[in-house]
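Spelled out, the chains give:
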Amino acid sequence: MSIKPDHWIRKMAQEHGMIEPFVDGQVRNGVISYGVSSYGYDIRVADEFKIFTNVFSAIVDPKAFDPQSMVDFRGDICVIPPNSFVLAKTVEYFRIPRNVLTICVGKSTYARCGLIVNVTPFEPEWEGFVTLEISNTTPLPARIYANEGIAQVLFFEADEVCDISYADKKGKYQHQQTIELPKL
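These notes cover the structure that comes with them. Small disclaimer: the values here were computed from a predicted structure and weren't measured. (Residues numbered from 1 in each chain as written. Predicted model: local features only at pLDDT ≥ 70, side-chain atom pairs only at ≥ 80, totals over all residues. Heavy atoms only, no water.)

### Section: the overall build of the protein
Here comes step 1: Within the protein, the regular secondary structure consists of two helices and 13 strands.
Here comes step 2: Taken over the C-alpha trace, the protein has a radius of gyration of 17 Å; the compact-globule value for 184 residues is 16 Å, and the two agree within 12%.
Here comes step 3: Principal axes of the C-alpha set define a box for the protein whose edges measure 50 × 40 × 25 Å.
Here comes step 4: Going through the 184 residues of the protein one by one, you find that 46% of them count as buried.
Here comes step 5: Contacts spanning at least 24 positions in sequence make up 74% of the contacts within the protein whose residues lie at least 6 apart.
Here comes step 6: When the accessible surface of the protein is split by element, carbon and sulfur atoms take 53% of a total near 9,600 Å².
Here comes step 7: Put simply, the protein has 18 plus and 23 minus side-chain charges, and the middle of one group is 2 Å from the middle of the other. (Helix = DSSP H or I, 4+ residues; strand = E, 2+ residues; numbered from the N terminus. Rg over C-alpha atoms; globule rule 2.2 N^0.38 Å. Buried < 20%, exposed > 50% of the residue type's maximum accessible area, 1.4 Å probe, protein only. Contact = heavy atoms within 4.5 Å. Areas by Shrake-Rupley, 256 points an atom, 1.4 Å probe, with all protein chains shown as cover. Lys, Arg positive; Asp, Glu negative; His and termini not counted. Charge placed at Lys NZ, Arg CZ, Asp CG, Glu CD.)

### Observations concerning the pairing of strand S10 (residues 115–118)
Here comes step 1: Across the two faces of S10 the burial differs, with Leu115 and Val117 buried and Ile116 and Asn118 not buried at all.
Here comes step 2: Across four bridges, S10 lies against strand S11 (residues 127–136) in antiparallel orientation. Pairing of leucine 115 across the sheet is with asparagine 136, part of S11. (Pairing = 2+ DSSP bridges.)

### A short note on the side chain of glutamate 92
Here comes step 1: By secondary structure assignment, the location of glutamate 92 is in strand S8 (residues 85–95).
Here comes step 2: Side chain to side chain, glutamate 92 and arginine 44 meet in a polar contact 2.9 Å long. (Polar contact = N/O pair within 3.5 Å; in protein donor to acceptor, adjacent residues only side chain to side chain.)

### Things to note about the environment of glutamine 14
Here comes step 1: Relative to the elements of secondary structure, glutamine 14 occurs in helix H1 (residues 6–16).
Here comes step 2: The contact partners of glutamine 14, leaving out residues within four places of it in the chain, are Phe22 and Asp24.

### With respect to unusual backbone geometry
Where the residue is not glycine, phi is negative for most of them; where a peptide bond is considered, it is trans in most cases.
Here comes step 1: The omega angle of the peptide bond from glutamate 20 to proline 21 is -10°, so this bond is cis rather than trans.
Here comes step 2: Relative to the assigned elements, proline 21 resides in the loop between strand S2 (19–20) and strand S3 (26–27).
Here comes step 3: At lysine 170, a residue that is not glycine, the phi angle is positive and equals roughly 55°.
Here comes step 4: Looking at where lysine 170 falls in the secondary structure, it is placed in the segment after strand S13 (149–157).

### Overview of H1
Here comes step 1: Among all positions in H1, only Trp8, Ile9, Met12 and Ala13 are buried. Seen end-on, H1 carries its buried residues on one side only, within an arc spanning 130°. Looking at H1, the residues exposed on the side facing more than 90 degrees away from the buried face are His7, Gln14 and Glu15.
Here comes step 2: Tucked into the core, H1 has its buried residues touching S2, strand S4 (34–37), strand S5 (40–52), strand S9 (100–106) and S13.
Here comes step 3: Positive phi appears at glycine 17, one or two residues downstream of H1, with a value of about 65°. (Arc of directions from axis to C-beta.)

Below, the structure written as structure tokens:
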């Protein structure tokens, strides 16, 4: 298994629709960078967010998630309350090949501000917009800028193709179009 370089990412995006829309190169001027880099792709956060709230005193339960524990927000700047959390989605839509697994890590610009981006791996043959989990670990409100970079996706190509892909097992987050809440 090896990490894939920029020219492989570019070819897979342009010829196989692996990333749409695809930005060939790094956009950096006055924004938190996004686009293809040496060994990854810097994804953007869209302008749709779900912000945790304690208004209804809901309990966070992954087996019975209460949508009232979040409020919907749409805008160019999302303010995450202190020591809180938001869900968001990517601008980009992904189609992962059967012999590829991705790992996604947060960008240093946000990490140095105490904002942690957690994204689970994109499994072989998973497809959809990515739901992003963003934590504000600081005691201060923090800003997230829509349509700018948020995290970097690293692509690993396997030496052999898996027996059962995410599509084969009919994964519960396949083809997601919006921010998906936990499903059991």
